[in-house]
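For reference, the chains in residue letters:
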Amino acid sequence: MDSSVYVFVEDLRGEGVERVLDRISGYGVSGVTVGAVHHASRDVTPHGLSRLTLRHDGAHFTPPPELFDGLRLRPVPGYTDALDGLAEACAKRSLKLHAWTVFLRNATLGTEHPDVTVRDCFGDRGSLTDLCPAHPDVRAYAVALARAVARLGADSVVAESLHFRPLKPQRSFVPLGPMDAYLFGLCFCDYCMRRATDLGVDAEVAREECARIVGGVFDGDPPAQGEVTRAALTAYAGPDVVAYARARSETVTTLVSEVASAVADEGSKLVFIDSTGAVKGYADGLPTPGLAAHDAWQFGVDLVALGDLVPAFGVLAYARDAARVADDVAAYLRSVGKDREVRAVLRPGHPDSDSTDRLVAKARGAKAAGAMAIDFYAYGLVPYPVLDRIPAALSETP
């Protein structure tokens, strides 16, 4: 069975390429998924060169300059030599190389060009980390970036944040319910509104309704209760808002199609990951009841449409329960098609897996549900004894 371990470039720089790949090869996996383009973060790294690692927005290679000629947005330089010799080192160990690429989550570009970021129903651009997938400059950047990463010679380009993202304020002392937060997170930039209007949606009415509802909660109205579903959202915010939310799928589908074609033209393939599974279970491994495949629409992800355009999908199966992992994988396959490659991404330790047996059960469940690959996230974030659970998980998924 195909498999890989997610690795950050800081792992390679801190421990050395040879040492990291030797250890990963020893787990019995068939590949590594390396963060070629990543976003800023601050992570506890138990066996890193630094035990608290600061990551910065950056492309960790030198992109071909001709790909970005005339484009307004260009990759933020990271550790541009971090991947030097990596493909050869992987080939020496018969390891596949997958290039993990974060596309539209980039605070550096958003701060430099705030007009390409999402704009909420009040007209504010308070999420400078989130580039809007409807903006033409963002779309051109994403396609060029995909080509640049594909030219690294990787077996696949693993796409993260190639869709709308949820609202994530650092602090909020207003008790926004899930539906209020969802409405507050919708983008109403000129390009999003124009695309929705072209699809027959009254975008201005949708914006006014979102501002009215969220503004009311700010003024003391009780927040909405319950999960975000289309039916609940229709009852709470009205059909124009739901139609506006649904229109976002056209933006994402066409962008992913362009990126997938660009990657294929360069001789690689796209593995599409939507963040729904992480949003639902990242903090504690206890995802909210709705399956990720059923809720992906909230971020503009139409899995049925993408199933005709994308050869492979990664399912962020961030759950403690093996049955939930199996259900998430099965739901994805029902949406994208049984002939698509679905890769289950598991966390081998906290907060999802408290033992080898639990990880084994989840890997077995994912395989039984139809996953063609098991990937493990992530090398530098968990202790070595936790990583040592991986061989047992793979031995149960031949």
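Here goes a summary of the coordinates provided. (Residues numbered from 1 in each chain as written. Predicted model: local features only at pLDDT ≥ 70, side-chain atom pairs only at ≥ 80, totals over all residues. Heavy atoms only, no water.)

### Some details on the overall build of the protein chain
Inference 1: Per the secondary structure count, the protein chain includes 17 helices and 13 strands.
Inference 2: For 398 residues, the compact-globule estimate of 2.2 N^0.38 gives 21 Å, and the protein chain sits close to it at 21 Å.
Inference 3: Taken over the C-alpha atoms alone, the protein chain extends approximately 60 × 50 × 40 Å along its principal axes.
Inference 4: Within the protein chain, buried positions represent 58% of all 398 residues.
Inference 5: A separation threshold of at least 6 residues defines the contact pool for the protein chain, and within that pool the share at least 24 residues apart is 77%.
Inference 6: When the accessible area of the protein chain is evaluated, it comes to approximately 15,800 Å², of which 52% is carbon and sulfur surface.
Inference 7: Charged side chains in the protein chain number 41 positive and 52 negative. The centres of these two groups are separated by 3 Å. (Helix = DSSP H or I, 4+ residues; strand = E, 2+ residues; numbered from the N terminus. Rg over C-alpha atoms; globule rule 2.2 N^0.38 Å. Buried < 20%, exposed > 50% of the residue type's maximum accessible area, 1.4 Å probe, protein only. Contact = heavy atoms within 4.5 Å. Areas by Shrake-Rupley, 256 points an atom, 1.4 Å probe, with all protein chains shown as cover. Lys, Arg positive; Asp, Glu negative; His and termini not counted. Charge placed at Lys NZ, Arg CZ, Asp CG, Glu CD.)

### With respect to the nonpolar core
Inference 1: The biggest cluster of nonpolar side chains holds 127 residues, and the ones touching the most others in it are Phe-103, Leu-183 and Val-259.
Inference 2: With 12 residues, helix 10 (residues 239-265) is the single largest residue contributor to this core.
Inference 3: Ignoring sequence-local partners within four residues, the contact set of Leu-183 consists of Cys-210, Ile-213, Val-214, Leu-233, Tyr-236, Ala-237 and Val-241.
Inference 4: One finds Trp-100, Val-102, Tyr-377 and Ala-378 within the second-largest nonpolar core, a separate group that totals 14 residues. (Core = buried A, V, L, I, M, F, W, Y, C linked by side-chain atoms within 4.5 Å.)

### A look at the packing of helix 7 (residues 190-198) against helix 10
Inference 1: Following both chains from N to C, one finds helix 7 and helix 10 inclined at 105°, their axes separated by 9 Å at the closest point. Between helix 7 and helix 10, the crossing angle belongs to the class labelled roughly perpendicular. Across the interface between the two elements, Cys-192, Met-193, Arg-195 and Ala-196 from helix 7 touch Tyr-244, Ala-247, Glu-250, Thr-251 and Thr-254 from helix 10.
Inference 2: Classifying every residue of the contact of helix 7 with helix 10 gives 5 nonpolar, 2 polar and 2 charged. (Axes fitted to C-alpha atoms, helices over the stretch in contact; angles between N-to-C directions. Parallel < 35°, antiparallel > 145°, perpendicular 65-115°, else oblique. Nonpolar A, V, L, I, M, F, W, Y, C, P; charged D, E, K, R; others polar.)

### A short note on helix 5 (residues 136-150)
Inference 1: Taking 1.5 Å as the rise per residue, helix 5 with 15 residues should run 21 Å; its terminal C-alpha atoms sit 21 Å apart, in good agreement.
Inference 2: Within helix 5, 11 of the 15 residues are buried, which leaves it mostly tucked inside the rest of the structure.
Inference 3: Every buried residue belonging to helix 5 is among Val-138, Arg-139, Tyr-141, Ala-142, Val-143, Ala-144, Leu-145, Ala-146, Ala-148, Val-149 and Ala-150, and all of these are buried. (Expected span 1.5 Å × (residues − 1).)

### Brief notes about the packing of helix 14 (residues 322-336) against helix 15 (residues 356-369)
Inference 1: Viewed as axis vectors pointing N to C, helix 14 and helix 15 meet at an angle of 25°, and their least axial separation amounts to 8 Å. Classed by the angle they form, the pair helix 14 and helix 15 counts as roughly parallel. When the axes of helix 14 and helix 15 are compared, the crossing they make is right-handed. Residues Ala-322, Val-325, Ala-326, Val-329, Ala-330 and Leu-333 of helix 14 lie in contact with helix 15, whose contacting residues are Ala-361, Lys-362, Gly-365, Ala-366 and Ala-369. (Left-handed = near helix turned anticlockwise from the far one by under 90°.)

### Structural notes on unusual backbone geometry
Inference 1: A cis amide bond, omega 0°, links His-350 with the succeeding residue Pro-351.
Inference 2: Tracing the backbone shows Pro-351 in the loop between strand 12 (341-346) and helix 15.
Inference 3: Here the bond from Tyr-377 into Ala-378 is cis, since omega is -5°, no more than 30 degrees from zero.
Inference 4: For Ala-378, the location among the structural elements is in the loop between strand 13 (373-376) and helix 16 (384-387).
Inference 5: Backbone geometry places Ser-161, a non-glycine residue, at a positive phi of 55°.
Inference 6: Positionally, Ser-161 belongs in the loop between strand 9 (156-160) and helix 6 (178-185).

### Digging into the environment of Leu-83
Inference 1: Its place among the elements puts Leu-83 in the loop between strand 5 (58-59) and helix 3 (86-92).
Inference 2: A sequence separation of 47 residues divides Leu-83 from Ala-36, and the C-alpha atoms of the two residues are 7.7 Å apart.

### Side note on the pairing of strand 6 (residues 96-102)
Inference 1: The element strand 6 is largely enclosed, with a buried count of 6 among its 7 residues.
Inference 2: Pairing between strand 2 (residues 31-38) and strand 6: 6 bridges, direction parallel. Bridge assignment links Gly-31 to a residue of strand 6, and that residue is Lys-96.
Inference 3: For strand 6 and strand 9, the ladder comprises 5 bridges, and the chain directions are parallel. (Pairing = 2+ DSSP bridges.)

### Observations concerning the pattern of salt bridges
Inference 1: For the coordinates displayed, the defined rule picks out 29 salt bridges.
Inference 2: Here Arg-212 and Glu-209 are joined by a salt bridge, their closest N and O atoms 2.9 Å apart. Taken together, the residues Arg-212 and Glu-209, both in helix 8 (residues 203-218) and 3 residues apart, mark about one turn of the helix.
Inference 3: Since its relative accessible area comes to 23%, Glu-209 is described here as partly exposed. (Salt bridge = Lys/Arg side-chain N within 4 Å of Asp/Glu carboxyl O.)

### Some thoughts on the side chain of His-163
Inference 1: Residue placement: His-163 occurs in the loop between strand 9 and helix 6.
Inference 2: Assessed through its relative accessible area of 1%, His-163 is described here as buried.
Inference 3: A distance of 3.2 Å separates a polar side-chain atom of His-163 from the backbone nitrogen of Ser-275.
Inference 4: If we skip the residues at most four places from it in the chain, His-163 touches Leu-104, Pro-133, Val-252, Phe-272, Ile-273, Asp-274, Ser-275, Phe-299 and Val-301. (Polar contact = N/O pair within 3.5 Å; in protein donor to acceptor, adjacent residues only side chain to side chain.)

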